[in-house]
Amino acid sequence: MRIVVALGGNALLKRGEPMTAENQRTNIRRAAMELAELVKAGHSLVITHGNGPQVGLLALQAAATPGTPFPLDVLDAETAGMIGYVIQQELGNVVKDRPVATLLTQVRVDPHDPAFAGPTKPIGPVYDEATARRLAVERGWTVAPDGNKWRRVVPSPKPLEIVEAAVLAFLVERGVIVICTGGGGIPVVALTNGSMAGIEAVIDKDLASCLLARQLGADMLVMLTDVDAVYLDWGTPEARPLGWVQADELSAAAFAAGSMGPKVEAAIAFASEAGKPAAIGRLEDAVEIIAGRRGTRIGPGGSR
């Protein structure tokens, strides 16, 4: 099968871990071992990944540097190159009979998207509430709760088009394992003269991965994270995992906007619009998730 695999932030940096190159490489090496099993099973992979912690750190560094800070679209590109390089190298170390390549990917968004007026995408490190509110005043940030901590949030517009889709398809059809749409891709807008320009935002990587999977005609969209399944009533004594579920059944439930919500939205969209399954679960269960024995599988209809 042709599978778009979206790696959550846990594949790069576990919550609470220091944001060091060594920690990120260790986690990516672990992810590469799991992905290699999918390649060995005969699947064609297109790999995407998040960049929330990394782009937030670069934004902090840029703000501390004299002069005009680099905009978020440029920082998105930096993180896509940095993270893509490490995934490419670690996966290439364990899959030696297939070429692996990273491609910086532009994703077109609407400059009038309502997201620009209501930031929701968490980036950067976590803070206690008092520190987050102080930084918001000092730096002009918007901050919001993220679990029991607080983080900076930035606009996250809906992805409309993967600009390099034809190039990606060319590579995939020739057996290349492609790493792309890093951090949701580089947000760009179309100008009236037909050219493209970057815009300040961080696109949700799950929604971008859904769009990518549809444009590439993927057989399945798999979102790997640090929870074993989608849970109803998460965080309560009534919490219960979902196994196989139809897209229309899942659409009636509510999920956290900054974490599971975009994954569920992406899964519903892919299953409904592509007519093919999506799945959500733990990175360590990747093989079992694709086989339908672990995680949550979202189907387009009533089949089980």
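First, a word on what this report is: a plain description of the structure on this page. Because the structure is a prediction, the values reported are computed rather than measured. (Residues numbered from 1 in each chain as written. Predicted model: local features only at pLDDT ≥ 70, side-chain atom pairs only at ≥ 80, totals over all residues. Heavy atoms only, no water.)

### Considering the pattern of salt bridges
Within this structure, the stated rule accounts for 15 salt bridges. In this structure, Glu161 and Arg108 form a salt bridge, with 2.9 Å as the shortest nitrogen-oxygen distance. Note that Glu161 is positioned in strand E8 (residues 161-162) and Arg108 in strand E4 (residues 106-108), a separation of 53 residues in sequence. Given a relative accessible area of 29%, Glu161 falls into the partly exposed group. According to the relative accessible area criterion, Arg108 is partly exposed, its value standing at 25%. Among the charged side chains, a salt-bridge network with shared partners connects Arg25, Arg29 and Glu90. (Salt bridge = Lys/Arg side-chain N within 4 Å of Asp/Glu carboxyl O. Helix = DSSP H or I, 4+ residues; strand = E, 2+ residues; numbered from the N terminus. Buried < 20%, exposed > 50% of the residue type's maximum accessible area, 1.4 Å probe, protein only.)

### Observations regarding the packing of helix H1 (residues 21-40) against helix H3 (residues 72-94)
Interaxial distance between H1 and H3 falls to 9 Å at its minimum, and their mutual angle equals 50°. On the basis of their axis angle, the class for H1 and H3 is oblique. Once H1 is placed against H3, the crossing between them reads as right-handed. Taken together, the residues of H3 that come into contact with H1 (itself represented by Arg25, Ile28, Arg29, Ala32, Met33, Leu35 and Ala36) are Ile83, Tyr85, Val86, Ile87, Gln89, Glu90, Leu91 and Val94. (Axes fitted to C-alpha atoms, helices over the stretch in contact; angles between N-to-C directions. Parallel < 35°, antiparallel > 145°, perpendicular 65-115°, else oblique. Left-handed = near helix turned anticlockwise from the far one by under 90°. Contact = heavy atoms within 4.5 Å.)

### A short note on the sheet that holds E4
Read across the open sheet, the four strands follow the order E8-E4-E10-E11; overall the sheet is mixed. Each end of this open sheet is capped by a strand with a single partner; those strands are E8 and strand E11 (196-198). Where E4 meets E8, two bridges bridge the pair, whose relative direction is antiparallel. The residue bridging Val107 from the neighbouring strand is Ile162, located in E8. (Pairing = 2+ DSSP bridges.)

### Describing the state of the cysteines
Taken as a whole and judged by the stated rule, the model has zero disulfides. With no disulfide partner, Cys180 has as its closest neighbouring cysteine sulfur the one in Cys210, 14 Å distant. Judged by its relative accessible area of 3%, Cys210 falls in the buried class. (Disulfide = S-S within 2.5 Å.)

### What to know about helix H4 (residues 129-139)
The set of residues buried in H4 consists of Ala132, Leu135 and Ala136. Mapping the buried residues of H4 onto a view down its axis gives an arc of 105°, with all of them on the same face. Along H4, exposed side chains directed more than 90 degrees from the buried face belong to Ala130, Val137 and Glu138. Summarising the contacts, the buried residues of H4 are in contact with strand E5 (121-127), strand E6 (142-146) and strand E7 (149-154). Two residues or fewer after H4 comes Gly140, characterised by a positive phi angle close to 70°. (Arc of directions from axis to C-beta.)

### Notes on the sheet that holds E6
Strand order in this open sheet of three strands is E5-E7-E6, and the pairing throughout is antiparallel. What marks the edges here is a single partner per strand, and that holds for E5 and E6. The mean angle between the axes of side-by-side strands here comes to 40°, regardless of whether they run parallel or antiparallel. Pairing of E6 with E7 involves five bridges; the strand directions are antiparallel. Bridge pairing links Val143 to Arg152 in E7.

Purely geometric numbers; function is a separate question.
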